[in-house]
Amino acid sequence: MIVAESKPTKELLEMVKDFKRILVVGCKGCVTVCNVGGAKEVAILASTLRISGKKEGLDVMVGEHTLERQCDPEYINELEDVIGDYDAVISIACGVGPQFLSEKYPDTKIFPGVNTKFMGGAVEHGVWAERCAGCGTCAIHLFGGLCPIARCSKSLLNGPCGGSSDGKCEISNEVDCVWDLIVTKMMEQDRLDELTVFRPPKSWTTARDGGPRKMIREELVK
Ligand code: SF4
Ligand code: SF4
């Protein structure tokens, strides 16, 4: 899933301080799961905006809408009949959502309400951790099912840097050294010899470094 966090309320209020008709749009996808952009968060942010408006003595109208997904035109189109009633929209979907809204509704001012962080998952209640950097050529099977690109601070493919201590990465003792985990796992699976195979420099052309990417599934294109 895509993991995001809410922008500070002060920053959001500053963003839309000049607008009197504001629509808050949530998404039922990843941001609902990580508790920053679902219907509940839409209601909370809308209330905050209304209260703030009242405190300032302003007549602010705040609408609420939560789409099935903001990364799909089918659902973005649902706003067609209401978006004209507002002069600003705060999207609390991941960074894809406000961009899809901006493209579909070019006359409306769209603001991002969350900071999109990474692709990962919940490792315990209320804690999410990065697992994938979307490199475009997955090779975790070579590393015991663990990703050294997303989870090693230096994205090393040929073993650890030597800076780890007690299984933690040299950047922080809050971060596991994934190479410690990889070596342990390969030892447990009696596959340590596989790590002696030299991995040549990776081509990053399939990753973000190769420029913006697009995926075309011919059989689905009408
Ligand atoms: S190897 Fe690439 S695609 Fe696979 S988990 Fe790591 S970053 Fe993601
Ligand atoms: S300590 Fe481990 S995770 Fe951190 S940069 Fe070195 S090899 Fe990578």
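Refer to the preceding data block for the structure.
Source: prediction; values computed, not measured.

In space, the 3 strands of this open sheet follow the order β1-β6-β7, with antiparallel pairing throughout. Bordering the open sheet on either side are β1 (2-6) and β7 (127-132), each of which pairs with just one other strand. Neighbour-to-neighbour, the strand axes of this sheet turn through a mean angle of 70°, independent of strand direction. Bridging between β1 and strand β6 (residues 114-124) involves 5 bridges; their strand directions are antiparallel. Residue A4 lies in a different strand from β6, and its bridge partner there is T116.

Between its first and last C-alpha atoms helix α3 (residues 39-55) spans 24 Å; for 17 residues at 1.5 Å apiece the expected length is 24 Å, and the two agree. In this structure, the buried side of α3 is in contact with β2 (21-27), β3 (61-67) and β4 (88-91).

The nonpolar side chains of a soluble globular protein tend to be buried with one another. Grouped together as the largest cluster of nonpolar side chains are 35 residues, with contacts concentrated most on A4, I22, V24, V31, V89, I90 and I92. Among the elements of the structure, β1, β2, α2 (30-33), α3, β3, β4, α5 (96-104) and β5 (109-112) are those that each provide at least two residues to this core. Element by element, the count of residues in this core is highest for β2, at 5 residues. Those residues in contact with V31 that lie beyond four places of it in its chain are A4, V36, G37, G38, I92, A93, C94 and V114.

On to the sheet that holds β3. Strand-to-strand pairing in sheets goes through backbone hydrogen bonds, with the strands running parallel or antiparallel. If you walk across this open sheet you meet the 4 strands as β3-β2-β4-β5, and the pairing is parallel. The open sheet has two edge strands, β3 and β5, and neither has a second partner. Strand-to-strand, the axes of this sheet are offset by a mean angle of 25°, without reference to chain direction. Pairing of β2 with β4, which is carried by 4 bridges, proceeds in the parallel orientation. Residue pairing in the sheet places L23 in a bridge with V89 of β4. Across the face of the sheet, α3 comes into contact with β2, β3 and β4 while running at roughly 170° to β3.

What counts as what
Residues numbered from 1 in each chain as written. Chains lettered and ligands numbered in written order. Predicted model: local features only at pLDDT ≥ 70, side-chain atom pairs only at ≥ 80, totals over all residues. Pairing = 2+ DSSP bridges. Helix = DSSP H or I, 4+ residues; strand = E, 2+ residues; numbered from the N terminus. Axes fitted to C-alpha atoms, helices over the stretch in contact; angles between N-to-C directions. Expected span 1.5 Å × (residues − 1). Contact = placed C-beta atoms within 7 Å. Core = buried A, V, L, I, M, F, W, Y, C linked by C-beta atoms within 7 Å. Buried ≥ 20, exposed ≤ 12 C-beta atoms within 10 Å, placed from the backbone.

Just distances and angles here, no functional claims.
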